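Spelled out, the chains give:
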Amino acid sequence: MIDFETPVGIQKQVDLIHNVAVQVMRPISRKYDEHEHDRPWEYINVMWKSGANAGFRGKPAKEVDTGTGESVMKYRYVLLMHTIEALSWGDAGLYLSTPGGGLGGAAIEAVGTPDQKERFLRRFSEGDPKWGAMAMTEPQAGSDTANIRTTARLSEDGKEWILNGEKIFVTSGYMAGEQSPGLIVVWATVDPKAGRAGMKSFVVESGTPGMKVVRLEKKHGIRASDTAAINFTDCRIPFDNILGSPEVSQSREGNKGFAGAMKTFDSTRPGVAASAIGIARASVDYVKEHLEKNGVPVRYDLPYHKQSAVLRDVLRMEAQLRAAWLLVLRAAWQMDAGISNSMEASMSKAKAGEAVTWITQKAVEILGPEGYSCKNLAEKWMRDAKINDLYEGTGQINRLIVARRLLGYSSKELQ
Ligand SMILES: Cc1cc2nc3c(=O)[nH]c(=O)nc-3n(C[C@H](O)[C@H](O)[C@H](O)COP(=O)(O)OP(=O)(O)OC[C@H]3O[C@@H](n4cnc5c(N)ncnc54)[C@H](O)[C@@H]3O)c2cc1C
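Residues numbered from 1 in each chain as written. Predicted model: local features only at pLDDT ≥ 70, side-chain atom pairs only at ≥ 80, totals over all residues. Heavy atoms only, no water.

## Let's talk about the nonpolar core
Spelled out, the test is: By nonpolar core we mean a set of buried residues, namely Ala, Val, Leu, Ile, Met, Phe, Trp, Tyr and Cys, connected to one another through side-chain atoms within 4.5 Å. Relative accessibility thresholds used throughout: buried, under 20% of the residue-type maximum; exposed, over 50%; partly exposed, between the two (1.4 Å probe, protein chains only). Helical segments are the DSSP runs of H or I of at least four residues, strand segments are the runs of E of at least two, and each set is numbered from the N terminus. The split of the chain into domains comes from an automatic or database domain assignment. Two residues qualify as a contact provided that any one of their heavy atoms is within 4.5 Å of a heavy atom in the partner residue.
In terms of nonpolar packing, the biggest core is built from 64 residues, with Met25, Tyr43, Leu87 and Val287 touching the most fellow members. Going through the elements one at a time, helix 1 (8-34), helix 2 (41-50), helix 3 (76-90), helix 4 (92-96), helix 8 (256-293), helix 9 (309-337), helix 10 (342-367) and helix 12 (378-385) are the ones with two or more residues in this core. Among the elements that line this core, the one with the most residues is helix 8, at eleven residues. Of the residues that make up this core, three or more belong to each of domain 1 (8-99) and domain 3 (263-407). Residues in contact with valine 287, not counting those within four places in the same chain, are Val314, Met317, Ala363, Ile366 and Leu367. Grouped together as the second largest cluster of nonpolar side chains are 23 residues, Val186, Val213, Ile230 and Ile242 included.

## Overview of the site of the ligand
Let me state the cut-off plainly: Proximity criterion: a residue is near a molecule or strand once any of its heavy atoms comes within 4 Å of it. N or O atoms closer than or at 3.5 Å make up a polar contact, with two conditions inside protein: a donor-capable atom paired with an acceptor-capable one, and, for residues adjacent in sequence, both atoms drawn from side chains. Only the protein chains shown count as cover for residues, and all accessible areas are computed by the Shrake-Rupley method using a 1.4 Å probe.
For the ligand, the set of nearby residues contains 22 residues, the closest of which are Thr137, Ser143, Phe169, Thr171 and Thr394. Threonine 137 is positioned with one of its side-chain polar atoms (N or O) 2.6 Å from a nitrogen atom of the ligand. At 2.8 Å, a side-chain N or O of threonine 171 approaches a nitrogen atom of the ligand. Starting from 970 Å² of accessible surface for the ligand in isolation, the protein chains cover 66%. Contributions of two or more residues to the shell around the ligand are made by strand 1 (132-135), strand 3 (160-171) and helix 13 (395-407). Both domains that meet at the shell around the ligand, namely domain 2 (130-249) and domain 3 (263-407), each give it at least three residues.

## A few points about the packing of helix 10 against helix 12
We apply this condition: For every element, the axis is a line fit to its C-alpha atoms; helices are fit only across the contacting stretch, and the angle between N-to-C directions ranges from 0 to 180 degrees. Working rule for angles: under 35 degrees goes down as roughly parallel, over 145 as roughly antiparallel, 65 to 115 as roughly perpendicular, anything else as oblique. A crossing counts as left-handed when the near helix is turned anticlockwise from the far one by less than a right angle, and as right-handed when that turn is clockwise.
Following both chains from N to C, one finds helix 10 and helix 12 inclined at 160°, their axes separated by 8 Å at the closest point. In terms of orientation, helix 10 lies roughly antiparallel with respect to helix 12. Classified by chirality, the crossing of helix 12 by helix 10 is left-handed. Across from Val356, Thr357, Thr360, Gln361, Val364 and Leu367 in helix 10, the residues of helix 12 making contact are Ala378, Glu379, Trp381, Met382 and Ala385.

Structure below.
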């Protein structure tokens, strides 16, 4: 049964994260917005040393380490959503810089063998800060993932894969690829004629010859997060670094590699939604504080039709926020319960992406010039918000996924 109470163990972690958000993130939020390609070490070191990044480390096959004890393990993803939300309330760009497995770790968790999980994920709990990333998008392939042109061919002795291609917009690509003993999960085709059946994912460890970060993007928002373009030129990796089976087959069974890799998004899309909600809550909190300071407190004791226009807007913002958050909790609870959640993951992401875009714009509107000014963070939250409606499937793509699932259409039947 789904439970709406926040378990005590989770609340403790949320309180801890809230302190990090207030004391570490907010004071440097504007600094890293203005210095996009500087790395926020003051935040990274706090997260790594305190273990507050426990939920981002990935779960090695033989180890369970949440940093909060056995009792909350059954709420692992719910805990993660609360953590992401609270960090993104602090600063969404900084949250994305949190050391840990990131999307790369999530991909390995979703489809890696026990040996691969052990081999690749353990590093996120040891030594100095490290990052994982996932490189799927290419100049001609974003929403249309089946259009990927990066190739992986077997070496003559069959012991290595050789990767060639160009990847763009890789979150934490620089930190994972060049700064630390991190890793990047790279999507490539082993047979360009085979379409989706030929698509596989591969783990490339940082420092592997042939992998090069060629550009860092300058962005509209989430500027504390590094977003890299990465080239692969005859990049050789061990045969065992393929995630899933190397077989190419058009059968359902043979296509498991692609479907398995897409499963990564079942856990990460609710995470994007949770981040959106953290930003939206930051905006709502700020607007309410501002109105209260100006003698217009929110009146929860009055019916909607007796509220002023501005307070009706605030109530609508809060209602959107709650609705989106409940969808996130449902998708995360399903993950924890081992229930298939692809549709609910997309629902939460589509709803939260749209809600945060609307809420943060509304906040700037209500605040007027104060909202447009860089003296506070409202305009920044509006810029940070939009990415949540874009990456890991745009709003349109996630709505398409929901429609397919609801109506029982395949991706060929409903495009
Ligand atoms: C800051 C940032 C970080 C990112 N991080 C990563 C990362 O870590 N790893 C990674 O692999 N990628 C990453 N991406 C890429 C991101 O996932 C893609 O940009 C996104 O999936 C959209 O793909 P696209 O850019 O090719 O846009 P397109 O697919 O060209 O879409 C353009 C527009 O067309 C719409 N559209 C496309 N197809 C359809 C359809 N069938 N029906 C209706 N509308 C449609 C889209 O919704 C969108 O509005 C990142 C992008 C950004 C901006």
